[in-house]
Amino acid sequence: MSTTVKDQKNTPAILAGLFGDVAWIRVQGKGSFQNSPNLRAFADHMVSMGQMHLVVDLEECPVMDSTFMGTLTGIALILQGHPGSLLELINPNARNTELVQSLGLDQILELDTKGESWSKERELVRENVTQSISVAPLDRTEHKEHVLHAHEALCQANAENESRFSDVLEYLKQDVAETREAKAKDT
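Being a predicted model, the structure only gives us computed values, none of them experimental.

Caption draft 1: Summary view of the packing of helix α5 (residues 140-157) against helix α6 (residues 161-186). At a minimum axis distance of 9 Å, the contact between α5 and α6 shows a crossing angle of 155°. Considering their axes alone, α5 and α6 lie roughly antiparallel with respect to each other. You can see that α5 and α6 cross each other, and the crossing is left-handed. On α6, the residues that touch Thr141, Lys144, Glu145, Val147, Leu148, His151, Glu152, Leu154 and Cys155 of α5 are Asn161, Glu162, Phe165, Val168, Leu169, Leu172, Lys173, Asp175, Val176, Thr179, Arg180 and Lys183. In terms of residue class, the contact of α5 with α6 is built from nine nonpolar, four polar and eight charged.

Right, here's the structure in full:
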């Protein structure tokens, strides 16, 4: 996995670093379907390396779309299978807190709404987590599959989300199937 440094603070990015046995992820800008593959790739890499404690800092993240939240959910669901693992969201603004809670995601991940966890480490992370995660872009089919899996994770985490996302899931499943079929014809 290659990393590059982003100079512009306003450019959406997933910044990451390791502090002891914790993988720190700072979301800079909107958490969206565009940068969620980078989040997933980093988290998958950390889990494969045995890093089972991930902290996601949302201080500079004004809002998250459903694909980004589904990606976080998928990561939390993977971590549930490992004893002692944890996905924590820190520094959420009121909107992000509302989004996480309304989808019932606070039941599968730790949500620090009071700013109490990692008080000493927060400043160190702000100053030192500057590496932007950059992975090879997904092709069209892979990206559609990523979005589909993120929405499926939202439904797996909370049955109430099935009614919220049923139309989206139906569309995504059909779109992925059509894209795979078209790709198969091209090869």
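Don't stop here, the text continues.
Caption draft 2: Region of the structure containing unusual backbone geometry. A positive phi angle, near 60°, is found at Asn91, a position not held by glycine. Within the secondary structure, Asn91 is located in the loop between β5 (86-90) and α3 (94-102). Classification of Asn91 as buried rests on a relative accessible area of 18%.

Caption draft 3: Local environment of the pattern of salt bridges. In this structure the tally under the stated criterion is nine salt bridges. Taking the shortest distance from any N to any O, the salt bridge between Arg26 and Glu60 comes out at 2.7 Å. Here Arg26, found in strand β3 (residues 22-28), pairs with Glu60, found in the loop between β4 (53-57) and α2 (66-80); they are 34 residues apart in sequence, far enough to count as distant. Judged by relative accessible area, Glu60 falls into the partly exposed class, the value being 25%. Notably, a salt bridge pairs Asp139 with Lys183, separated by 3.1 Å at the nearest N-O pair. You can see Asp139 sitting in the loop between β7 (131-133) and α5 and its partner Lys183 sitting in helix α6, a full 44 residues away along the chain. A relative accessible area of 30% places Asp139 in the partly exposed class. For Lys183, a relative accessible area of 40% translates into the label partly exposed.

Caption draft 4: Region of the structure containing the packing of aromatic side chains. Throughout the structure, instances matching the rule amount to two aromatic pairs. Relative to Trp24, the ring of Phe19 has its centre 6.2 Å away and its plane inclined at 85°; by these criteria the two rings are edge-to-face. According to the relative accessible area criterion, Phe19 is partly exposed, its value standing at 26%. An angle of 80° between the planes, with centres 5.2 Å apart, marks the rings of Trp24 and Trp118 as edge-to-face. Of the two residues, Trp24 sits in strand β3 while Trp118 sits in the loop between β6 (110-112) and α4 (119-128), which places them 94 residues apart along the sequence. Taking the relative accessible area as the measure of exposure, Trp24 reaches 1% and is therefore buried. For Trp118, a relative accessible area of 22% translates into the label partly exposed. Cluster of aromatic residues (ring-pair linked, three or more members): Phe19, Trp24 and Trp118.

Rules used in this analysis
Counting restarts for each chain: residues are numbered from 1 in the order of the written sequence. It should be noted that, the model being predicted, local features are given only for residues of pLDDT at least 70 and side-chain atom pairs only at 80 or more, the latter also being counted only at that level, while totals for whole chains, interfaces and linings use all residues. Working from all heavy atoms in the structure, the side-chain values ignore hydrogens and water. Axes here mean lines fitted to C-alpha atoms, for a helix over just the part in contact, with angles spanning 0 to 180 degrees between N-to-C directions. Here a strand is any run of E in DSSP of at least two residues, a helix any run of H or I of at least four, and the numbering for each starts at the N terminus. Relative orientations are named as follows: roughly parallel for angles under 35 degrees, roughly antiparallel for angles over 145 degrees, roughly perpendicular for angles from 65 to 115 degrees, and oblique for any other angle. Left-handed describes a crossing in which the near helix is turned anticlockwise from the far one by less than a right angle; the clockwise case is right-handed. Between two residues, a contact is recorded if the distance between any of their heavy atoms is within 4.5 Å. All residues other than Ala, Val, Leu, Ile, Met, Phe, Trp, Tyr, Cys, Pro, Asp, Glu, Lys and Arg, Gly among them, are scored as polar; the first ten of these are nonpolar and the last four charged. The cut-offs for exposure are 20% and 50% of the maximum accessible area for each residue type, with area from a 1.4 Å probe on protein chains only; residues under the lower value are buried, those over the upper are exposed, and the others partly exposed. The salt bridge criterion pairs a side-chain nitrogen of Lys or Arg with a carboxyl oxygen of Asp or Glu, the two atoms within 4 Å. Side-chain rings of Phe, Tyr and Trp, where Trp is taken by its six-membered ring, are said to pair if the distance between their centres is within 6.5 Å; with planes under 30 degrees apart they count as stacked, over 60 as edge-to-face, and otherwise as tilted.

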